[in-house]
Amino acid sequence: MACMLLFCCFVVRGQAGAPKVCLDSVRVRLERAARLDSTYFSEIDLSIGHLSIGELLRNIARVHGVNLCVKVDEGRMVTCNFNRARLIDLLYFLCREYNLELDVVGNIISLSEPVPLVVAPREPKIEADSTKKRLYYDLLDDGLVAVMKRVTALTGEHVVIPKSLYGNRVSGYSAGLPVLEAIRTLASVNGLEIERDKNGVWRFEAPLPPAGGNPALASSYVKRRNFTPDQVNVDSTGRVSVSLNRGNIHDVVLEIFERLGMSRLFLTSLDQQTSVFVKDVDVPTLLNVLFAGTPFTYQVEGGIYIFGSTTKDKTLVTTRVVPLRYRTVDKVVELIPTALKPAGTQVQMFAEQNSIIVSGTSRQVELVERFLESIDQSVPLVTIEVLIVDSKKSVIHEVGIEAGIGKDGPATTAGTLSPGVNMSLSATSINRLINSFNGFGSINLGKVTPDFYMSLQALEATGNIELRSTPKLSTLNGHSATLKSGETKYYKEVQTNYYGSQTPVPSESYTWKPVEANLKLDITPFVSRNGKITLQVKIEQSQFTEREGKIDEEAPPGAVTRSFESQVQVRDGEMVLLGGIDNNTREKSSSGIPFIARIPVLKWLFGKTKNNKVDQKLNVFIKPSVIY
C-alpha cells in the first residue's frame, strides 16, 4: 500500500503584539481634560532626538505645568520636531504613533502601555497511529521540549535534550512518516543534530560550526546555545555584561551582535570554549577579553565587524595613529615592551604630528594604545636655584724694626705712614734724627755709616671677601641640566725643530694653547608622587692662581679645583645645604736678637713679629621648584 507523504517546514519568530488602542476614546478623554484645564490648549515648540518617551513626557509636564502620570517603557525612544503644536495634539499624536493607553481623572492625564492580550499556550499538534509506528504532526514555532514530551508520550521513544537547547523552537509538517524517520527529519529541517544510542535513547545536539576560512561556511554557523539575561546582558546604552562558565565564543559573539543589531562577517568560525566574567564593558573590550589567548581577531570597516584568525586571515590588519598630548614622540618607541610587539606588529614614529603609528591585529593595537596612554602624562618642569658662596676672611699683624748695612749702596728713604707704618730710612735720615737728639744734656749719639738703613713696620690688616654665584637651571623631570661658566687663558708652547744633518739649523714654532677655569653644574632631578625631589648633583669649580716666584709669563697658569658629587632628596621649594669646604690657615712667626726678642715692648725695637690668620669657606645651597 502506497503511503502519500507531505512534509514542509517554516519558522516564525516573534510574539503576539499588544492590542490596538482606541484613538476615538483617547480624543474624547483629552478634550474632557482640556475643558477642565486650558493649559492643554497651549502651544509648544519641540525638537528632540533619540529621547525616551517617558523622559519627554516628564519634561513637558515640568515645563508647562500640567499633570501627567507616565507609566511607559523607558526603552522606547522617540525623535521628533514640532513647531507651534498644541499640547493636546502632541499627546494624541504620541498615543497614536506609539500605541499608548490614556486615562483622565479631572485634569490629571495618565499614559501607559496597553495591557497585552493573554494568549493561551499553543499545544503542539502531534498524533500517532494505533500501532505507534507512524507519526503525524503539524508544528509552527512550538517549543522543542514540549514537542519531544508529546512524542515520548505517544511513541514511547526516550529523548534527551541538553539544557542549551531548552529555548529552541521547531516547525514542520508530517503526514505519517515512520517514527524514527519523522524524528530525524524534524531535527534536520530545524538545524539540529540527533543520534540514537545502542540503548534506543535519542540525544539532541547543536551542530558544530564549520571549520576553515570560507566566509560562506562561517556565516552559516547555527547558534547552539541561548543565554539567559543573567548570563549575557546588553543594556540600552550598548554596555555588555557576561557571566559564563564553559561557553562557546562564537555563540557569545552571535548573541551580543544580534541583540545590538550590529553588522558582522565571519571569515573563520570562532568555535572555542571559554569561561568569562565581565561587567558593564563596551563591545571592543569584551572582544579583546574573549580573544585573549586565542588565534582569533577582528577588524572594523565602515561599522562592520570582520572576524577571522591571525594564522589564516592575513588581511585582518588594523592601523591606527596614536597622538601624544603631553610628551614628545622621541624615544617613545624604545619604551614599548617587547611583549606588546609580537611578530606582525609594527610600531613607528610619526614626528611631524608627534604621533605613533601602530599596525597589527586589533587586540595588539589596543594593547599598545593603552600603554601609550598610560605613559603619556604631563612631565613636571623643575626649576633649580643654586647659590654658591665663597667667603674669605683674613687678619694680618706685622710689628718690628729692622736695621742693617746695605749691600747695594746707600738706601733711600721711602715708605708709607697710613694706613700702616712701613718706612725704610736711609743713613742721611737717621743721622738727622740723631743730630736732633744731640745737645740734650750729656747725650751725644754720633753718626751711622752711609750704607746704614733702618726699616720700621707696624701694620694691621683685615680682609673680608665674599663671592656669590646664583645660577638658575630648568629641566624636565628625569633629564639632566648642565651649566658651564668660566674663563679661558692661553699659554705659549714653543717647539724647536732641527733641519739638516751636517750642520743642523734650528727652527722654532709656537702655538697658543687654552686653559680653562670653570664653574660646572650638572643636576638631574627626579620628582616622586609624594612631592619630594631627588637630585643627583655634580659641582666642579676651578680658579686660576697667581704665578709665584720666577715663573715665565708665558708658562701655563696654575689652577685650583674644588668639586663634589652628591645625591639628596628635598621637598618642593625647600632649600638645602649640599656641602661646604673650609680652608683655615694660621701663620705666626717672629725674629730678633736672642733673649731680647722675647721681652715685651723691646721685642718690637730689636725684632720683628708677624701673625697671619686666613679663613676660607665654599658653601653650596640648592632650591628646586616643580612647575606642572
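Residues numbered from 1 in each chain as written. Predicted model: local features only at pLDDT ≥ 70, side-chain atom pairs only at ≥ 80, totals over all residues. Heavy atoms only, no water.

You'll find the protein chain entered in an unreviewed UniProt entry as Type II secretion system protein GspD, with Butyricimonas virosa given as the organism. If you open the UniProt record of the protein chain and go to Sequence similarities (unreviewed entry), you find "Belongs to the bacterial secretin family." (UniProt positions renumbered as here; feature names shortened; annotations may be inferred.)

K.L.:
In this structure, what is going on with the overall build of the protein chain? I would like to understand it.
P.N.:
From N to C terminus, the protein chain includes twelve helices and 31 strands. Classification of the 628 residues of the protein chain by burial places 34% in the buried group. Summarising the internal contacts of the protein chain: among those between residues at least 6 apart in sequence, 65% fall at separations of at least 24. Total accessible area on the protein chain stands at roughly 38,200 Å², and carbon and sulfur atoms take up 52% of it. (Helix = DSSP H or I, 4+ residues; strand = E, 2+ residues; numbered from the N terminus. Buried < 20%, exposed > 50% of the residue type's maximum accessible area, 1.4 Å probe, protein only. Contact = heavy atoms within 4.5 Å. Areas by Shrake-Rupley, 256 points an atom, 1.4 Å probe, with all protein chains shown as cover.)

K.L.:
When you look at the nonpolar core in this model, what are you seeing that I'm missing?
P.N.:
In a soluble, globular protein the nonpolar side chains are often hidden away together inside. Counting 34 residues, the largest nonpolar core has Leu30, Tyr40, Leu68, Leu90, Leu102, Ile109 and Leu111 as its most contacted members. When contributions to this core are tallied by element, the ones reaching two or more residues are helix H1 (23-36), strand S1 (43-52), helix H2 (53-64), strand S2 (67-71), strand S3 (77-86), helix H3 (87-98), strand S4 (101-105) and strand S5 (108-112). Among the elements that line this core, the one with the most residues is H3, at eight residues. Phe257, Phe266, Val283 and Tyr298 belong to the second largest nonpolar core, which has 26 residues in total. (Core = buried A, V, L, I, M, F, W, Y, C linked by side-chain atoms within 4.5 Å.)

K.L.:
Just checking my understanding: could you explain the sheet that holds strand S7 (residues 134-143) for this structure?
P.N.:
What holds strands together in a sheet is hydrogen bonding between their backbones, with the strands either parallel or antiparallel. Pairing is antiparallel in the open sheet, where three strands are placed in the order S6-S7-S9. Of all strands in the sheet, those bounded by a partner on one side alone are strand S6 (125-128) and strand S9 (169-178). Direction aside, the axes of adjacent strands within the sheet are offset by 10° on average. Here four bridges tie S6 to S7, and the two strands are oriented antiparallel to one another. Across the sheet, the residue bridging to Glu127 is Tyr136, located in S7. Packed onto the sheet, helix H4 (residues 144-155) meets S6, S7 and S9 and runs at close to 160° relative to S7. Across the sheet, helix H5 (residues 179-189) touches S7 and S9, and the angle it forms with S9 is around 155°. (Pairing = 2+ DSSP bridges. Axes fitted to C-alpha atoms, helices over the stretch in contact; angles between N-to-C directions.)

K.L.:
Whenever I open this one, the sheet that holds strand S16 (residues 296-301) confuses me. Can you help?
P.N.:
Read from one edge of the open sheet, three strands run S14-S17-S16, paired in mixed fashion. Whereas interior strands pair on both sides, the edge strands pair on one side only; in this sheet they are strand S14 (264-266) and S16. Shown here is a sheet whose adjacent strand axes are inclined to one another by a mean of 20°, direction ignored. Judged from the six bridges that link them, S16 and strand S17 (residues 304-309) form a sheet pairing that is antiparallel. Each residue of the ladder has a partner; that of Val300, found in S17, is Tyr305.

K.L.:
In this structure, what is going on with the packing of aromatic side chains? I would like to understand it.
P.N.:
For any two aromatic rings, the description comes down to two numbers: the centre-to-centre distance and the angle of the planes. Taken as a whole, this structure holds ten aromatic pairs when the rule is applied. Both rings, one in Phe291 and one in Phe307, keep their centres 6.1 Å apart while their planes meet at 85°; by these two values the pair is edge-to-face. Taken as a pair, Phe291 in the loop between helix H8 (283-290) and S16 and Phe307 in strand S17 lie far apart in primary sequence, 16 residues in all. When sorted by exposure, Phe291 lands in the same class as Phe307, which is buried. Note on Tyr305 and Phe307: the rings are 6.4 Å apart at their centroids and 20° apart in plane angle, and the pair reads as stacked. Both residues of the pair, Tyr305 and Phe307, count as buried. (Phe/Tyr/Trp six-rings, centres within 6.5 Å; stacked < 30°, edge-to-face > 60°.)

K.L.:
How do you make sense of the pattern of salt bridges when you look at a structure like this?
P.N.:
Oppositely charged side chains can form a pair if their charged atoms are brought close together. Under the definition given, this model contains 14 salt bridges. Notably, a salt bridge pairs Arg320 with Glu369, separated by 2.6 Å at the nearest N-O pair. Placement of Arg320 in strand S18 (residues 318-323) and of Glu369 in helix H10 (residues 362-375) is noted, with a sequence separation of 49 residues between them. It is possible to trace a salt-bridge network through shared partners that takes in Arg27, Arg86 and Asp89. (Salt bridge = Lys/Arg side-chain N within 4 Å of Asp/Glu carboxyl O.)

K.L.:
Looking at this model, I keep getting lost on the environment of Val537. Mind explaining?
P.N.:
Inspection of the secondary structure assignment puts Val537 in strand S28 (residues 532-545). Put simply, Val537 and Glu565 are 28 residues apart on the chain and 5.7 Å apart in space, counted from C-alpha to C-alpha. If near-sequence neighbours (up to four positions away) are discounted, Val537 is found in contact with Asp522, Ile523, Phe564, Glu565, Ser566, Leu578 and Ile622.

K.L.:
Which parts of the structure should I look at to understand the confidence of the model for the protein chain?
P.N.:
Regions with low pLDDT should not have their predicted coordinates read in detail. Counting all residues, the mean pLDDT for the protein chain is 77, and 76% of those residues have values of 70 or more. Ranking the elements of the protein chain by mean pLDDT puts helix H6 (residues 215-219) last, at 50, and strand S12 (residues 232-234) first, at 90. Confidence drops under a pLDDT of 50 for residues 1-17, and excluding neighbours within four residues, the segment shows 31 contacts in the predicted structure. Segment residues 209-213 is flagged for pLDDT under 50; beyond a separation of four residues in sequence, or across chains, it makes 16 contacts in the model. (pLDDT = per-residue confidence, 0-100.)

K.L.:
Whenever I open this one, H5 confuses me. Can you help?
P.N.:
Because an α-helix completes one turn every 3.6 residues, residues spaced three or four positions apart along the sequence face the same direction. Listed as buried for H5 are Val179, Ala182, Ile183, Leu186 and Ala187. Taken down its axis, H5 places every buried residue within 130° of arc, on the same side. Two residues or fewer past H5, Gly191 is found with a positive phi of approximately 75°. (Arc of directions from axis to C-beta.)

K.L.:
In this structure, what is going on with unusual backbone geometry? I would like to understand it.
P.N.:
Most peptide bonds adopt trans geometry, and most residues besides glycine take a negative phi value. Not every positive phi belongs to a glycine, and Arg84 is a case in point at roughly 55°. Its location among the elements puts Arg84 in strand S3. Residues other than glycine seldom take positive phi values, yet Asn99 does so here, at roughly 55°. Among the secondary structure elements, Asn99 is positioned in the loop between H3 and S4. Relative accessible area serves as the criterion here: at 16%, Asn99 is assigned to the buried category.

K.L.:
Quick question: what am I supposed to make of the pairing of strand S11 (residues 201-205) here?
P.N.:
Put simply, side chains in a regular strand alternate between the two faces of the sheet. Bridge count between strand S8 (residues 158-160) and S11: three bridges; the pairing is parallel. By the bridge assignment, Val160 is partnered in S11 with Arg203. With four bridges connecting them, strand S10 (residues 193-196) and S11 associate as antiparallel partners. Pairing of Glu193 across the sheet is with Glu205, part of S11. Counted between consecutive antiparallel strands, the loop separating S10 from S11 contains four residues, among which Gly200 sits at a positive phi close to 85°.

K.L.:
So what exactly am I meant to see when it comes to the packing of H1 against H3 here?
P.N.:
How two helices pack is summed up by the angle between their axes together with the distance between the axes. Taken N-terminus to C-terminus, the directions of H1 and H3 make an angle of 155°; their axes are 10 Å apart at the nearest point. In terms of their interaxial angle, H1 and H3 are classed as roughly antiparallel. Between H1 and H3 lies a crossing whose hand is right-handed. Seen from H1, the contacting residues are Leu23, Val26, Arg27, Leu30, Glu31 and Ala34; seen from H3, they are Ile88, Asp89, Leu91, Tyr92, Cys95 and Arg96. (Parallel < 35°, antiparallel > 145°, perpendicular 65-115°, else oblique. Left-handed = near helix turned anticlockwise from the far one by under 90°.)

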